[in-house]
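The lines below spell out each chain.
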Amino acid sequence: MTQQLSHQHASFPRRAVVTGASGFIGSHLAHALVQAGTVVIGVDRRDPATDRTAATNLAPLRTLPGYIHVAADLIGCAIEPLLIDADAVFHLAAIPGVHPSWGPQFSDYVASNILATQRLLDAAVRMRIPRLIVASSSSVYGATDGGHSVETDHPQPASPYAVTKLAEEQLCLAHAAQPHCPTSVVALRYFTVYGPRQRTDMFTHRALLSALTGQPLRLYGDGHHRRDFTYIDDAVAATIAAATAPDAHGTINVGGGSNTSLLEVISIANSLVGRDIEVHQENPRHGDVLTTRAHPGRAQEVLGWQPQVDLHSGMHAHMQTLAAEPTRYNRAA
Ligand code: NAD
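Along each chain, the written sequence defines residue order, and numbers are assigned to residues from 1. Local features in a predicted model are, by the rule used here, given only for residues with pLDDT of at least 70; side-chain atom pairs are given and counted only at 80 or more, and totals for whole chains, interfaces and linings are based on all residues. Just so you know, side-chain values use all the structure's heavy atoms and leave hydrogens and water out.

Phi at Thr192 is positive, roughly 25°, even though this residue is not glycine. Starting at the N terminus, helices and strands are each numbered in turn, a helix being any DSSP run of H or I of at least four residues and a strand any DSSP run of E of at least two. Here Thr192 is to be found in the loop between strand E6 (184-190) and strand E7 (193-194).

Here it is, written out as structure tokens:
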């Protein structure tokens, strides 16, 4: 966390790079930045011309001037030209998801989450980018006693995915801690982000889809796992604040403040749709910790940010999007 104070005077970016822009959080972030007047270079290996999810996620941006999409893989593409004149880089590109990371796909996690990050960092420092915001994860904390996780807690990642996210954030912070590094780094530890266009493997999406379609819902474990669910608009606001807060650096929790069980999520979905979901219980999966709960203090103090959207309201907004466009989201729950 030792950074050069002279490089910490960030302002609202005129031009920014968003990696992972075809994804769930990246597309919302790019949209919010463009609406605020920032020119956004969105970089993602998923090309909206050929990838249905990317096209869906980027559809709201298509009609707005100020968004430029570059379909490129950060593992091998030339990165420096993408960063020309950028005031901030938001690095969200990664392979997410705990479960596939146990299998043969792990090398993809290492390539995208660690090696590509190292390439991006090298380029950002050479191009003297004033600030880089990197998407980290609550998963770096691992199992807890149910209390709040504080940024200074000893990380104990419980899955290969979480190990790559810890490596990713620490790699970024190690670069920033070098003497005379021109780039200050903020690593945001997102806690279970949900909302419209959420990844289809995630629980709130699957629960709402089951409620809407009547398809059974697979529940891994007994439903007592608890998560600090964070609404997408809140996550985006925290991310933009991380680019503009003058002295922001180091790791910061981004949690919605809810610490709700999966059974309670099912109950909210039932009440929103007026139908009881048929639940198929399966064994818990490796790497799913019992509970996550963000200590909110540092986000409040450093970013001046706190969540605005409670879980019921956020799930209502999410459900309305799904109900309006069922064919886009109609995947098995
Ligand atoms: P997502 O899968 O929707 O988006 C990630 C995007 O990164 C994808 O569009 C993918 O194509 C792109 N990408 C992956 N590797 C790439 C590469 N080598 N080159 C170019 N593009 C590449 O995931 P998301 O849910 O929007 O998550 C965004 C970030 O936030 C990730 O870093 C994730 O680890 C982190 N995060 C998300 C959550 C959550 O609840 N969604 C929680 C904690 C952390």
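So, on to helix H6 (residues 232-244). Here the expected length of a helix is defined as 1.5 Å per residue gap, with one fewer gap than residues. If you check H6, its first and last C-alpha atoms are 19 Å apart, about what 13 residues at 1.5 Å a residue would give, namely 18 Å. Across the 13 residues that make up H6, a large majority, 10, are buried. Accessibility here uses a 1.4 Å probe with only protein chains present; expressed as a share of the type maximum, an area under 20% marks a residue as buried, one over 50% as exposed, and anything in between as partly exposed. Looking at H6, one finds that the buried residues are Ile232, Asp234, Ala235, Val236, Ala238, Thr239, Ile240, Ala241, Ala242 and Ala243.

Below, the discussion takes up the packing of helix H5 (residues 203-213) against helix H7 (residues 262-273). Lines fitted to C-alpha atoms define the axes here, with helix axes fitted over just the stretch in contact, and angles between the N-to-C directions of these axes take values from 0 to 180 degrees. Between H5 and H7, the least distance of the axes is 9 Å, while the angle of their chain directions is 35°. The hand of the H5/H7 crossing is right-handed. Of the residues in H7, those in contact with Phe203, Thr204, Ala207, Leu208, Ala211 and Leu212 of H5 are Leu262, Val265, Ile266, Ala269, Leu272 and Val273. Residue polarity follows a fixed list, in which Ala, Val, Leu, Ile, Met, Phe, Trp, Tyr, Cys and Pro are nonpolar, Asp, Glu, Lys and Arg are charged, and the others, Gly among them, are polar. Taken together, the residues of the contact of H5 with H7 break down into 11 nonpolar, 1 polar and no charged. A crossing counts as left-handed when the near helix is turned anticlockwise from the far one by less than a right angle, and as right-handed when that turn is clockwise. The contact rule is simple, with two residues in contact once any of their heavy atoms fall within 4.5 Å.

Whether a residue is near a molecule or strand depends on its heavy atoms: it is near if one of them lies within 4 Å of it. For the ligand, the set of nearby residues contains 27 residues, the closest of which are Asp44, Tyr161, Lys165, Val193 and Arg199. Protein coverage of the free-state accessible area of the ligand, which is 820 Å², stands at 95%. Put simply, the parts of the chain that give the shell around the ligand at least two residues each are helix H1 (24-35), strand E5 (131-137) and helix H4 (160-176). Here the element with the most residues in the shell around the ligand is E5; it accounts for 3 residues. Here the shell around the ligand is composed, by residue class, of 14 nonpolar, 7 polar and 6 charged. Residue-level accessible areas treat just the shown protein chains as cover; the underlying method is Shrake-Rupley with a 1.4 Å probe.

Neither face of strand E4 (residues 88-91) is open: one carries Ala88 and Phe90, the other Val89 and His91, and all of them are buried. Looking at chain direction, E4 and E5 are connected through 4 bridges and run parallel. In the sheet register, Ala88 faces E5, and the bridge partner there is Arg131. With helix H3 (residues 106-126) bridging E4 and its parallel neighbour E5, the resulting β-α-β unit is right-handed. When DSSP finds two or more bridges between two strands, those strands count as paired. Assignment of crossover handedness uses the view with strands pointing away from the viewer, where a clockwise path from the first strand over the helix to the second indicates a right-handed crossover.

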